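Notes for the structure review
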Amino acid sequence: MEQLSHVDKGFLEQMEDAGRRYASRTGERGGRMAALEQQGILYADTPERVSSRLNRLGVDWAMATAIERTPATATTGTSLDLDRELVGTDLLMLERFMGRNDLIGIDYLEGGFLAARSIGRITVRSPGSSHHGTGFLVSPSLLMTNNHVLGSAEEAAAGVIAFNFQAGLDGQPLVPVVFELDPHRFFVTHRDLDFTVVAVAEHSQDGQPLAAFGRLPLKEAPGKAVIGELVNIIQHPNGEPKQLALRDNQIVDVLEDFVHYSADTARGSSGAPVFNDQWEVVALHHAGAPRRDHDGNVLAVDGTRWHPSMGEHRVDWMANEGVRVSRILGTIQQFPLSGTAAALRAELFASGSSLHPVEASPPSVPTVPKVLTGRTNGAAPKSVTPDGSGVQHATTGSVSWNVPLHISVSVSLDADTGADALRPRAESPATVTVPAGVGRIDGHSPAERDLAAALVNLAAFSDRPYYDEAADLTARDAYYAGIHVGNPTSLRLALTEHLESTHERRPAYKPMRLLYPWVDLHPDEKLHGIYSGTGFTPQELMEADAAVEAARIGRWQEFMLHESAPGPEAVEAELDLLEASLPFNCEHVVPQSWFAKKEPMRGDLHHLFACESTCNSFRGNIPYFDFPDFDEAVRHDCGRRDPGKFEPSEGKGPVARATLYFLLRYPGRIGDEARELQRSGLEMLLNWHRDHPVDVYEQHRNAAIAEMQGNRNPLIDHPEWAEEIDFAGAWT
């Protein structure tokens, strides 16, 4: 019987585990792949993961669904006749992501070349045997590979990694640069997730610096890849020179800890990084599900029985499996380390916190997150088991603050940047001035690119009918099938559950891209301030918000230049100040301060309306009120305001129905403070609802939002239900 090395045994164990996981997911995987084939990539994965992916790519549902609906052409990938000068990179990236265009920017090749520098061949030589694997640098000092490649500190001490083990442009082999591994400084491994992280010597055997080979930062943030997306693998299969499997593997399933990708044409290699098209590391490749004969024997690619001496690259894989980067990082964070090892771990996480988009900006453009979040780890930290193969729970907890900040863009405006100055004017559109070369891509600033993307969305919807009543009535009836009227409490509870479960897509707050181009348009193809009724073209509000976005960026940079190390409270206060002093032309009918600016409330389109910044500021976060002498009172164009009270001049019906929707969708979230909506205000909202009936504008809004988010507003679809619903229970 063939004697197997511990490396071969480890690999076989991982292959068996991966095969069982793959087999257990047959049903779920079949459903996902059917959705991919029939509906497209936007519907193959969970709505939350797809939304995160689109946000990370810097695009949104409006643009994505417009492209999905549009027949492709041979030249551009879509028939949308759009100006791509500013938004071309975004649009091309989206079309490629959705399989509508094979083209990609030439910088893609440069990105792959730079990523490949950090990948090398691991060789371990021990008495009587040796083995190879792939590894890659994840920080200035640390290397990642599989546990079954480097299973112990002793094994790592006998190992080296060689970079440049590959052919050059002339086809001739380059001279490898070899570094010794240094597990005495850092060594962390985990059998179940099959990863090992180990320190590398600072200089090669011939004196070259490790820093020359860069690193591949690992990121915990979601949205790096979804089901249906194609991924890339750079590897040293069977110890051979470096090779690239370029977009030959398609993600077919995402599990809690692992990701599965097809293996029709490309084989994986233990310890290789799995990349998305932005050359971000999605997973650590480690094994796969092999094809077997009727007797259960693993098959080789030539149809014969496979045995370990043939090498893993000769296995006939049904699918490859990688370990998700986010799960690896979460586990590494739990190891009890101190001294040099703790410092090197901190360096690893600092390397991975490179600035990345949080909402709707290009991947290479850093952006400011809207909300500062403190993350407390719910599970107790863990310690290494005696054999080094896993982790155990310890008794202490940990708290970490994740504060990605962007200070890359400097902006100056020729005019005053107060709210009145930023109010849109058709004869003098807002302009954005950015110093040359600062925070720009293809010569354009983030604010300019957001504006261009918004105009793309506007163009994408220009040929659609404003409101298709017959289609909407059919959709409405299907949406409420199974909802029964009769018991006020039961109806409220049923609607709350239904609104949440059908809220499938939850885009982040971005009115310029999502609200202005289509959702909030009136039949006259204009946007109207919800409180004043003043009309604007969509471009006017888009241009004004682009100016506001740029001004916020500039002021944020000034803040960071004067604050060397601001604490969380200072950062939170500054973000609040920026939003208050430079508001967008968008109104949250339920003020953001009432729900701490949290998602999905913040981006829920059902309670967002176009609203010139003067009216936005005039109302602030004051609750609605019905003044008895409103018509006779001296008032602002936006309405009347007294301390703690605000009554709008226009829009009472829509804001009442939006607020009632919010109470149903998010029960118990507002009304706990005197300055918020109290139960005493319910009758006022119901009166506004009755006195200002639903019109075609709200029906259009409701249909458009349902297409983007998945859920609807019952008070628009069934106004008569307002008398049947126990709204008072929403405050409990």
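Residues numbered from 1 in each chain as written. Predicted model: local features only at pLDDT ≥ 70, side-chain atom pairs only at ≥ 80, totals over all residues. Heavy atoms only, no water.

Thoughts on the overall build of the protein chain
Using the following cut-off: Each helix is a run of DSSP H or I of at least 4 residues and each strand a run of E of at least 2, with the numbering of both proceeding from the N terminus. Remark: exposure states derive from per-residue accessible area (1.4 Å probe, protein chains only) relative to the maximum for the residue type, with buried under 20%, exposed over 50%, and partly exposed in between. Only heavy atoms matter for contacts: two residues are in contact if any of them lie within 4.5 Å across the pair. Here the accessible surface of atoms and residues is derived via Shrake-Rupley with a 1.4 Å probe, and residues count as covered only by protein chains that are part of the display.
Helix and strand content of the protein chain: 20 helices and 23 strands. Counting only residues that meet the buried cut, the protein chain has 55% of its 732 residues in that class. Counted over contacts in the protein chain with a minimum sequence separation of 6, partners at least 24 positions apart contribute 70%. Total accessible area on the protein chain stands at roughly 30,500 Å², and carbon and sulfur atoms take up 52% of it.

Section: the state of the cysteines
To keep things clear, this is the line we draw: Disulfides are defined as pairs of cysteine sulfur atoms found within 2.5 Å of each other.
By the definition in use, this model includes one disulfide. Here Cys-586 is not disulfide-linked; the sulfur of Cys-611 is the nearest cysteine sulfur, at 8.2 Å. Cysteine Cys-611 shares no disulfide, and the gap to the nearest cysteine sulfur, in Cys-615, comes to 5.0 Å.

Focus on the pairing of strand 7 (residues 195–199)
Let me state the cut-off plainly: For two strands to be treated as a pair, DSSP must find at least two bridges joining them.
Extensive coverage of strand 7 is indicated by the burial of five of its five residues. By the alternation rule, side chains of strand 7 split into Phe-195, Val-197 and Ala-199 and Thr-196 and Val-198, which are all buried. Of the pairings in the sheet, the one linking strand 3 (residues 142–145) to strand 7 comprises four bridges and is antiparallel in character. Note that in strand 7 the partner of Leu-143 across the bridge is Val-198. Note: strand 6 (residues 187–190) against strand 7, four bridges, orientation antiparallel.

Quick look at unusual backbone geometry
For the bond running from Glu-599 to Pro-600, omega is 5°, close enough to zero to count as cis. Its identity as a non-glycine residue notwithstanding, Asp-194 has a phi of 50°, on the positive side. Of note, Asp-194 is situated in the loop between strand 6 and strand 7.

Some points on the confidence of the model for the protein chain
Stated precisely, the cut-off is as follows: Each residue carries a pLDDT score, the predictor's own confidence in it, on a scale running from 0 to 100.
For the protein chain, per-residue confidence averages 81 on the pLDDT scale, and 80% of positions sit at 70 or higher. Every residue in residues 73–87 scores below 50 in pLDDT, and together they form 35 contacts with partners more than four places removed in sequence or on other chains.

Describing the pattern of salt bridges
We count it as follows: By salt bridge we mean one thing: a side-chain nitrogen of Lys or Arg within 4 Å of a carboxyl oxygen of Asp or Glu.
One pass over the structure, following the stated rule, counts 37 salt bridges. A salt bridge links Arg-25 to Asp-253; the shortest N-O distance between them is 2.8 Å. One end of the pair, Arg-25, is in the loop between helix 1 (6–24) and helix 2 (26–39); the other, Asp-253, is in strand 9 (residues 243–254), with 228 residues separating them in the sequence. Exposure remark for Asp-253: the relative accessible area of 1% places this residue in the buried category. Members of the salt-bridge network, linked through shared partners, are Glu-13, Asp-17, Arg-20, Arg-191 and Asp-192.

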